[in-house]
Amino acid sequence: MLVSGRVVTLRLAETFVISRSSQDTAEVVQVEIEHDGVRGRGEAAPIDRYDESAESALAYVEEHADLLGDDPFALEEILDRLPLREFAARAALDAALHDLCGRLAGQPVWRLLGLPRAGPPTSWTVWLGDPDDMARRAERVAGRFRRLKLKLGAGDGLDVERVRAVRGVTDLPLQVDVNEGWDEAEALESMPQLAELGVEYCEQPLPASAEVVLKGRSPIPVYLDENCHTLADVAECARLADGINIKLAKSGGIREAIRMAHAARALGLGVMLGCMVESGLGISAAAQIASLCDHVDLDGNLLLAEDPCPGVELVDGVQLPPSQPGLGVEAEALSRPR
């Protein structure tokens, strides 16, 4: 198989703000794998919080291209040969392999996996701002989405007021994501008030390093994101909280994400599927397995000023993967095969 990669800069429609950072652009790594004249493509967004960058991801792809071998259907063997690091790079390779297999077989990836096409509706992210600003932005998407996820964790004591302001302008189901922005006392004080406002669940209220048990202490379910990367983390998350947030860029791809979802179910955990800021190529890979999840947050491509890889359809609030073979998303061909 011939392998190539590149770094692509995506421009957001508006500045995206969470508790620990803000951004106007996002860098992703795109991978192309060619076999018998057929090309499969994948994408993932490296997460700097985990000491990954687009440059380090691209270096990983180029360094280990020769390990892929000549059988694109030997997915487990290929991934086992790759060093267990640079998980966004692994996710991009995993997605490209699934795309290639689907194109060779003439079937969409979700069908190859034996899964339904449709999953739960995606939430739309209302990024962190003052309460009135968040309420105005929530009003602007009325009728387009069926649930909203509010970014909290500003450290100014106004997080509950942010939710109250948004609740004042919409009856849509609400979720909140604190991005590690609270301590234990603020979490235990805030979550009963969030429950009164009809919030469905709270994502990552505490720093991942806190290791505080919130399971059974909150009136709303607590989902862990930064605590949960791969299958090895799921059991500990079951001790601490009520659910996990799976992201392909953290897990290393579709195959590990499926294992995580089944393990979470066996342990009685809720399952959420998230994303980073990604083009439709990255979102399509995640959407293939959305039917395995209780909650879906796949709006990364919808945050862009322009999606360079269209193909995922937003239908009645659901991000539907294409019905075309593979991931079903077209991307510009890469020009540096190895």
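Residues numbered from 1 in each chain as written. Predicted model: local features only at pLDDT ≥ 70, side-chain atom pairs only at ≥ 80, totals over all residues. Heavy atoms only, no water.

### Comments concerning the pairing of strand S6 (residues 174-177)
The side chains of a regular strand alternate between the sheet's two faces.
Phase 1: Burial of the side chains of S6 extends over both faces: Leu-174 and Val-176 are buried on one face and Gln-175 and Asp-177 on the other.
Phase 2: Taken together, strand S5 (residues 148-151), helix H6 (residues 159-167) and S6 constitute a β-α-β crossover, and its handedness is right-handed.
Phase 3: Taken together, the three bridges between S6 and strand S7 (residues 199-203) define a ladder with parallel strand orientation. Looking at the pairing, Asp-177 lines up with Glu-203 of S7.
Phase 4: With respect to chirality, the unit in which S6 leads through helix H7 (residues 184-196) into the neighbouring parallel S7 is right-handed. (Buried < 20%, exposed > 50% of the residue type's maximum accessible area, 1.4 Å probe, protein only. Helix = DSSP H or I, 4+ residues; strand = E, 2+ residues; numbered from the N terminus. Right-handed = clockwise from strand over helix to strand, strands pointing away. Pairing = 2+ DSSP bridges.)

### Let's talk about a negative patch on the surface
Phase 1: Taken together, the side chains of Asp-70, Asp-71, Glu-77 and Asp-80 make up a negatively charged region of the molecular surface.
Phase 2: Looking at the secondary structure, you find Asp-70 in the loop between helix H1 (54-63) and helix H2 (75-81). (Patch = residues over 30% accessible without salt bridge, like charges linked within 9 Å, V, L, I, M, F, W, Y side chains within 5 Å. Areas by Shrake-Rupley, 256 points an atom, 1.4 Å probe, with all protein chains shown as cover. Salt bridge = Lys/Arg side-chain N within 4 Å of Asp/Glu carboxyl O. Lys, Arg positive; Asp, Glu negative; His and termini not counted. Charge placed at Lys NZ, Arg CZ, Asp CG, Glu CD.)

### Some thoughts on helix H5 (residues 131-140)
Phase 1: Inspection of H5 places Pro-131, Met-134, Ala-135, Arg-137 and Ala-138 among the buried residues, and these make up the whole buried set. Along the long axis of H5, the arc covered by the buried residues comes to 165 degrees, so they all point the same way. Residues of H5 that are exposed and angled more than 90 degrees away from the buried face: Asp-132 and Arg-140.
Phase 2: Put simply, Asp-130 is the residue that caps the front of H5, since its side-chain oxygen is 3.2 Å from the backbone nitrogen of Asp-132. (Arc of directions from axis to C-beta. Polar contact = N/O pair within 3.5 Å; in protein donor to acceptor, adjacent residues only side chain to side chain.)

### Considering the packing of aromatic side chains
Phase 1: Summed over all chains, the structure comprises three aromatic pairs.
Phase 2: Here Phe-16 and Trp-127 contribute two aromatic rings whose centre-to-centre distance is 6.3 Å and whose plane-to-plane angle is 50 degrees, an arrangement assigned as tilted. Of this pair, Phe-16 sits in strand S1 (residues 2-18) while Trp-127 sits in the loop between strand S4 (124-126) and H5, placing them 111 residues apart in sequence. No difference in accessibility class separates Phe-16 from Trp-127, as the two residues are buried.
Phase 3: Seen from their ring centres, Tyr-201 and Tyr-223 are 4.7 Å apart, and the 40 degrees between their planes marks the pair as tilted. Of this pair, Tyr-201 sits in strand S7 while Tyr-223 sits in strand S8 (residues 222-224); the two residues are 22 residues apart in sequence, bridging distant segments of the chain. In this pair, the class of Tyr-201 matches that of Tyr-223, namely buried.
Phase 4: Taking NZ or CZ as reference, Arg-137 lies 4.3 Å from the ring centre of Trp-127, over its face. (Phe/Tyr/Trp six-rings, centres within 6.5 Å; stacked < 30°, edge-to-face > 60°. Lys NZ or Arg CZ within 6 Å of the ring centre and 35° of its normal.)

### Considerations on the packing of H1 against helix H3 (residues 87-105)
Phase 1: Relative to each other, H1 and H3 sit at 55 degrees, their axes nearing to 8 Å. Here H1 lies oblique to H3, going by the angle between them. H1 and H3 meet at a crossing whose hand is right-handed. Of the residues in H3, those touching H1 at Ala-57, Tyr-60 and Val-61 are Ala-89, Arg-90 and Leu-93. (Axes fitted to C-alpha atoms, helices over the stretch in contact; angles between N-to-C directions. Parallel < 35°, antiparallel > 145°, perpendicular 65-115°, else oblique. Left-handed = near helix turned anticlockwise from the far one by under 90°. Contact = heavy atoms within 4.5 Å.)

### Looking at the environment of Glu-139
Phase 1: Summarising the element assignment, Glu-139 is placed in helix H5.
Phase 2: Separated by 86 residues in sequence, Glu-139 and Ser-53 place their C-alpha atoms 35 Å apart.

### Describing the pattern of salt bridges
Phase 1: Overall, the coordinates contain 27 salt bridges when judged by the stated rule.
Phase 2: Measuring nitrogen to oxygen at the nearest pair gives 3.0 Å for the salt bridge that ties Arg-259 to Glu-76. Remark: Glu-76 occurs in helix H2 and Arg-259 occurs in helix H10 (residues 254-266); sequence separation between them is 183 residues.
Phase 3: Of the residues examined, Glu-76 reaches a relative accessible area of 30% and is grouped as partly exposed.
Phase 4: If you follow the salt bridges from partner to partner, you end up with Lys-149, Lys-151, Asp-177, Glu-203 and Asp-297 in one network.

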